[in-house]
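# Coordinates in review
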Amino acid sequence: MLGPVILAASRSDRMRRLISAAPVTKQVVDRFIPGETVTDVVPIVKDLTDRGLELTMDVVGEDITTPEQATAARDAYLALIDHLKGLGLGERVEMSVKLSMFGQALQGGHELALANVRPVVEAAAAIGTTVTLDAEDHTTLDSMFTIHEELRKDFPRTGCVIQAYLFRTEADARRLAGSGSRVRLVKGAYKEPAEVAYQQKHEIDKAYVRILKTLMEGEGYPMIGSHDPRLIAIAQELAHKAGRKPDEYEFQMLYGIRGDEQARLAAEGHRMRVYTAYGTDWYGYFMRRLAEKPANLRFFLRSMVSKG
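Residues numbered from 1 in each chain as written. Predicted model: local features only at pLDDT ≥ 70, side-chain atom pairs only at ≥ 80, totals over all residues. Heavy atoms only, no water.

### Structural notes on the environment of H110
Heads up, the rule is: Each helix is a run of H or I in the DSSP string that is no shorter than four residues. Each strand is a run of E no shorter than two, and both are numbered from the N terminus. Residue contacts follow a heavy-atom distance rule, with two residues in contact if any of their heavy atoms lie within 4.5 Å. Polar contacts, as counted here, are pairs of nitrogen or oxygen atoms within 3.5 Å of one another; within protein the pair requires one atom able to donate a hydrogen and one able to accept it, and residues that are adjacent in sequence qualify only if both atoms are side-chain atoms.
Structurally, H110 can be placed in helix α6 (residues 109-126). Sequence-wise, H110 and L99 are eleven residues apart; in three dimensions their C-alpha atoms are separated by 8.8 Å. Those residues within four positions of H110 in sequence are excluded, and the remaining contacts are Q104, S143, T146 and I147. Among the polar contacts listed, one links the side chain of H110 to the side chain of S143, at a separation of 2.7 Å.

Okay, structure coming up:
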């Protein structure tokens, strides 16, 4: 029940100032965001890949208010790709991007976001990897899917994210499950009205399973974004029933959450990709991690009490 409250706080400047000023915040944030610069995270990339894990990298920051900020976001991803080039890891390290960070909400934002994200996708392809377009709130999705379709004309491995709690997503999954597609399925982490989204956990979980079945039975490449042990087990069962080999789908989890389970899945031969965010504008990302999982909030509050 606290989820909607935390999501509202993620947009509050007052709460941003309060939480950012708390002495314990940085060490707790470090659990989920391992650095502020690309130089900080390169050792993390090396460590995770050495342990048989894969990554998707996210430069955090969504509250873009000027075209210049959107250009700076593009350049931050290009700098990341330039650093990854020297590591020679190819598709073991991909990128995740939010189109809001590329100017999607500004005047002429659809065209601006496409113009900014295209060079990132091109640069990623040049080093043998790809980009996944993250889903944001439901008002942005038509634009995101149109940009995804446009990018796939030249870069067919460009991925996208769909959210199980939205009513529209079952139809989106059927449309996206074609040959060559890469689709990450998550539950959803934005505050959405009852007119467009399921509100109860059991409804969201049921929708997740239905959508995942569609993806597994399709011709694309499903990416299971979940930390839920039951959904992970169901995903394995659905993959087996669909006749999928271990390299024909993958699991994805957030950096800092269920590390032992990530290692277990990788050791069993599954592709296990760790969603690893970094950057200075961490507040919105951090608050959504608290909203998604009560254990994350308990961890944060316990740390504040013990360090207070």
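Still more to cover.
### Examining the nonpolar core
Using the following cut-off: Definition used in this section: a nonpolar core is a set of buried Ala, Val, Leu, Ile, Met, Phe, Trp, Tyr and Cys residues joined via side-chain atoms within 4.5 Å. With a 1.4 Å probe rolled over the protein chains alone, any residue whose accessible area is under 20% of its type maximum counts as buried; one over 50% counts as exposed, and the rest are partly exposed.
Y77, L80, V117, L133 and I162 are the most contacted members of the largest nonpolar core, which totals 77 residues. In terms of residues, this core owes the most to one element, helix α9 (residues 201-217), which gives seven residues. Grouped together as the second largest cluster of nonpolar side chains are five residues, F32, I33, I257 and Y275 included.

### Focus: the sheet that holds strand β3 (residues 131-133)
Quick note on the threshold: At least two DSSP bridges between two strands are required for those strands to pair. Here the axes come from fitting lines to C-alpha atoms, over the contacting stretch only for helices, and the angles between their N-to-C directions go from 0 to 180 degrees.
Overall, parallel pairing links the eight strands, which are arranged β1-β2-β3-β4-β5-β6-β7-β8 in a closed barrel. For this sheet, the mean angle separating the axes of adjacent strands, direction not counted, is 30 degrees. The pairing of strand β7 (residues 250-254) with strand β8 (residues 272-278) spans four bridges and is classified as parallel. Considered in β8, the bridge of L254 is made with Y275. Its contacts with the sheet place helix α7 (residues 141-154) against β3 and β4 (159-163), and it is angled at close to 155 degrees to β4. On the sheet, helix α11 (residues 259-267) packs against β7 and β8 and is oriented at approximately 165 degrees with respect to β7.

### Remarks on the pairing of strand β1 (residues 54-59)
Most of β1 sits inside the fold, with six of its six residues counted as buried. Across the two faces of β1 the burial is the same, with E54, T56 and D58 and L55, M57 and V59 all buried. Taken together, the six bridges between β1 and β8 define a ladder with parallel strand orientation. Residue pairing for β8: V59 is matched across the bridge by Y278. Where β1 lies against strand β2 (residues 93-97), three bridges are found, and the strand directions are parallel. Looking at β2, one finds that M57 is bridged to M95.

### A look at the pattern of salt bridges
Using the following cut-off: Just to be clear on terms, a salt bridge is a Lys or Arg side-chain nitrogen sitting within 4 Å of an Asp or Glu carboxyl oxygen.
Enumeration according to the criterion identifies 29 salt bridges in this entry. Residues R271 and E54 are paired through a salt bridge, measuring 2.7 Å at the closest nitrogen-oxygen approach. Placement of R271 in the loop between α11 and β8 and of E54 in strand β1 is noted, with a sequence separation of 217 residues between them. Summarising the burial analysis for this pair, R271 and E54 share the class buried.

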